Amino acid sequence: MGALDLSFFTWDLVTGYLLKGFVFSIYLTLIAMSGGILFGTVLALMRLSGRRWLVYPAAGYVNTMRSIPLVMVILWFFLLIPFVIGRPLGAEWSAVITFTAFECAFYSEIMRAGIQSVALGQAAAGSALGLTYGQTMRLIVLPQAFRNMLPVLLTQTIVLVQDTSLVYAIGAYDLLKGFETAGKNFNRPVEAYLAAALLYFVICYALSYSVKRLHTRIAVVR
Amino acid sequence: MIEISNVSKWYGSFRVLHDCTTRIEKGEVLVVCGPSGSGKSTLIKCVNGLEPYQQGGIVVEGISVGAIGTDLPKLRSRLGMVFQNFELFPHLSVMENLTLAQVKVLGRAPAEARDKGLKLLERVGLKEQAAKYPAQLSGGQQQRVAIARALAMDPIAMLFDEPTSALDPEMINEVLDVMVRLAKEGMTMMVVTHEMGFARKVANRVIFMDGGEIIEDAPTEDFFGKPRSERAVQFLSKILRH
């Protein structure tokens, strides 16, 4: 093997192969994160509601998702959906739905811990002022839970960024796929994979740096 | 105004309240005392439905607290409550603590709620702190804000659950002063406290609880002058010694 040859990295390569995949990976991360936190919060509230008909379905869902490898969920959903809706959904859409559904199980555990970290007295104080259960949750408990858990939520998002590369299983065109295709076409797979790894590293490192910054900032507020 | 009749409550098989009966008239100040674990905090929390009870009844201005179909949020919005640990909302400024429920529950305009909030902060001597966050205040200041927050709802009565127990000694008086003033202005109050000086000064009646039961229910002078039960005598001798 000769020395690394990076001469094929041109602007045309970026716009022709890489940008599309990079944008999809970011897009997938953002949707799965916001959807995951939203539905995860709903699942957490269900599990903490104390009503059996809400607790059991939510707990069952979360525990199932957390016990199956993500790549299998991605594959199953992609393969099963044509049978259910009668036509294929496309790898990208399939990935977005699967990731949201999968990640919300993990975010829900974080939000559940976050809600429990807010002292019971806070909810009592909200109720005592005449706020309804929903208002107490929305205005008093969840804002504090979210703030307490922000570092952990972002840490989960870092994992999510890396996990998005698993969409290779269904052939969606993501960041990794972009580099892989470029590497194949220019016969430079080693350089392409190295560059992809570097990009993942930069994204994740920037995220974890901002988590650290954020942590010191909100620690003062509380 | 508040009528508690034959209320009993169990945690599993453990009975925390046993056949409690008392009443508070409009403008009256009732002090509830007793050793820890005697059920006094549980009893006061039953009054605004924060704790459910299994037997008996509590009626607040004609509304039954335990009845099915009672609009508890509405009832609670008319009863101010002050907690042992203040329970100010740490993510909101002092002013936001005061205005939140006024706007969300009573439907007041934000400007009106702020005016009301400022007036009450002035009344508890904390007008300058309106923009601060609870964590920036001392315990005594936080509890005064909590009292102002409850008063902002124009309550028909105030419930105090050991309002000075979590405070450093030098801060107790600033909170008690606010409460004494409130009592003298004619506010109906139910106060769970060990502050017997406060009880002597403003209470109309004192009830003494032990083991989930109301052992004594007497006018203040009688309670301190000639407590009848042995347990009340013992309790008083312990906390009045200092």
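By convention here, each chain's residues receive numbers from 1 onward along its written sequence. Think of it this way: whatever chain is written first is A, whatever ligand is written first is 1, and the rest follow in order. pLDDT decides what is reported in this predicted model: residues at 70 or higher carry local features, side-chain atom pairs at 80 or more are listed and counted, and totals for whole chains, interfaces and linings draw on all residues regardless. Computation of side-chain values covers all heavy atoms of the structure but excludes hydrogens and water.

Asker: Where do I start with the interface of chain B and chain A in this structure?
Answerer: Accessible area lost when the parts come together is the quantity often used to give the size of an interface. Residue contacts follow a heavy-atom distance rule, with two residues in contact if any of their heavy atoms lie within 4.5 Å. Chain B puts 20 residues into the contact, and the matching count from chain A is 18 residues. Once two parts are joined, some of their accessible surface, as seen by a 1.4 Å probe, is lost; buried area is that loss totalled over both. Buried surface at the junction of chain B and chain A, both sides included, amounts to about 1,600 Å², of which 69% is carbon and sulfur. Each salt bridge in this description consists of a side-chain nitrogen of Lys or Arg and a carboxyl oxygen of Asp or Glu lying within 4 Å of one another. On the surface where chain B and chain A come into contact, there are 0 salt bridges. Mapped by element, the contributors of at least two residues to the side of chain B that touches chain A are helix H2 (72–77), strand S6 (79–82) and helix H3 (94–104) of chain B. Note that Gly is not counted as nonpolar here; it falls among the polar residues with everything else outside the nonpolar set of Ala, Val, Leu, Ile, Met, Phe, Trp, Tyr, Cys and Pro and the charged set of Asp, Glu, Lys and Arg. Looking at the side of chain B that touches chain A residue by residue, the class counts come to 13 nonpolar, 3 polar and 4 charged. The helix count covers DSSP runs of H or I at least four residues long, the strand count covers runs of E at least two residues long, and both are numbered beginning at the N terminus.

Asker: Before we go on, may I ask you to explain the pattern of salt bridges in this structure?
Answerer: For the structure on display, the rule yields 18 salt bridges over all chains. A salt bridge links A:Glu180 to A:Lys184; the nearest nitrogen and oxygen atoms lie 3.2 Å apart. Of this pair, A:Glu180 and A:Lys184 both sit in helix H7 (residues 175–185), 4 residues apart, which is roughly one turn of that helix. Linking B:Arg205 and B:Glu28 is a salt bridge whose minimum nitrogen-to-oxygen distance equals 3.1 Å. Note that B:Arg205 is positioned in strand S9 (residues 205–210) and B:Glu28 in the loop between strand S2 (14–24) and strand S3 (29–33), a separation of 177 residues in sequence. Both residues of the pair, B:Arg205 and B:Glu28, count as buried. Among the ionic contacts, a cluster of salt bridges with common partners joins A:Arg47, A:Arg66, A:Glu109 and A:Arg112. Each residue's exposure class comes from its accessible area (1.4 Å probe, protein chains only) as a fraction of the maximum for that residue type: buried when under 20%, exposed when over 50%, partly exposed otherwise.

Asker: Whenever I open this one, empty space enclosed by the protein confuses me. Can you help?
Answerer: Once rolled over the atoms, a probe with the size of a water molecule shows which space is left empty. As defined here, a cavity is a set of points on a 1 Å grid over the protein atoms alone where a 1.4 Å probe fits but cannot get out. A pocket is an open set with protein on both sides within 12 Å along at least five of seven lines, and residues line them when an atom is within 4 Å of a point. Grid points are joined across faces, edges and corners, and a volume is the space filled by probe spheres set on the points. For the structure shown, the criterion picks out 3 cavities of 30 Å³ or more. Taken as a whole, the largest cavity encloses approximately 70 Å³ of empty space. Contributing to the lining of the largest cavity are 13 residues, with A:Ala128, A:Leu129, B:Gly80, B:Met81 and B:Ala150 lying nearest its centre. Elements with a contribution of two residues or more to the lining of the largest cavity: helix H5 (120–128) of chain A together with H2, S6 and helix H5 (139–151) of chain B. Estimated volume of the second largest cavity: approximately 50 Å³. Lining the second largest cavity are B:Arg123, B:Val124, B:Leu151, B:Val178, B:Arg181, B:Leu182 and B:Glu185.

Asker: I'm lost on the layout of surface pockets in this one. Help?
Answerer: As a volume, the largest pocket reaches approximately 880 Å³. Of all the secondary structure elements, the ones that give two or more residues to the lining of the largest pocket are helix H4 (91–117), H5 and helix H6 (133–163) of chain A together with H2 of chain B. Counted by class, the lining of the largest pocket contains 19 nonpolar, 7 polar and 3 charged residues.

Asker: Whenever I open this one, unusual backbone geometry confuses me. Can you help?
Answerer: As a rule of thumb, non-glycine residues mostly have phi less than zero, and peptide bonds are mostly trans rather than cis. Residues and elements named next belong to chain B. The phi dihedral of aspartate 154 falls on the positive side, at around 50°, and the residue is not glycine. Here aspartate 154 lies in the loop between H5 and strand S7 (157–161). Look at aspartate 154 and you get partly exposed, because its relative accessible area is 40%. The backbone phi angle of glutamate 162 is positive, close to 45°, even though this residue is not glycine. Within the secondary structure, glutamate 162 is located in the loop between S7 and helix H6 (169–184). Exposure remark for glutamate 162: the relative accessible area of 11% places this residue in the buried category.

Asker: Would you take a moment to explain helix H3 (residues 70–85) of chain A for this structure?
Answerer: Each α-helix turn comprises 3.6 residues. Residues three or four places apart therefore point the same way. Residues and elements named next belong to chain A. An ideal rise of 1.5 Å per residue puts 22 Å on 16 residues; H3 measures up with 22 Å between its terminal C-alpha atoms. One axis is fitted to the seven residues ending at the residue and one to the seven starting there. The bend at that residue is the angle between these axes. The largest bend in H3 amounts to roughly 30° and is located at leucine 79, with the proline proline 82 lying one to four residues further along. For H3, the complete set of buried residues consists of Leu70, Val73, Ile74 and Ile81. Residues of H3 that are buried sit in contact with helix H2 (52–67), H4 and H6. Any helix carries an expected span of 1.5 Å times its number of residues minus one.

Asker: Hey, could you run me through the pairing of S9(B) in this one?
Answerer: A regular strand carries its side chains on alternate faces of the sheet. All names here are of chain B. Of all 6 residues in S9, 6 are buried; the element is thus mostly enclosed. For two strands to count as paired, DSSP must find a minimum of two bridges between them. For S3 and S9, the ladder comprises 4 bridges, and the chain directions are parallel. Looking at the pairing, leucine 30 lines up with arginine 205 of S9. Looking at chain direction, S9 and strand S10 (residues 213–219) are connected through 6 bridges and run antiparallel. Following the sheet pairing, aspartate 210 is matched in S10 by glutamate 213. Where S9 hands over to S10, the hairpin turn is made up of 2 residues, of which glycine 211 adopts a positive phi near 55°.

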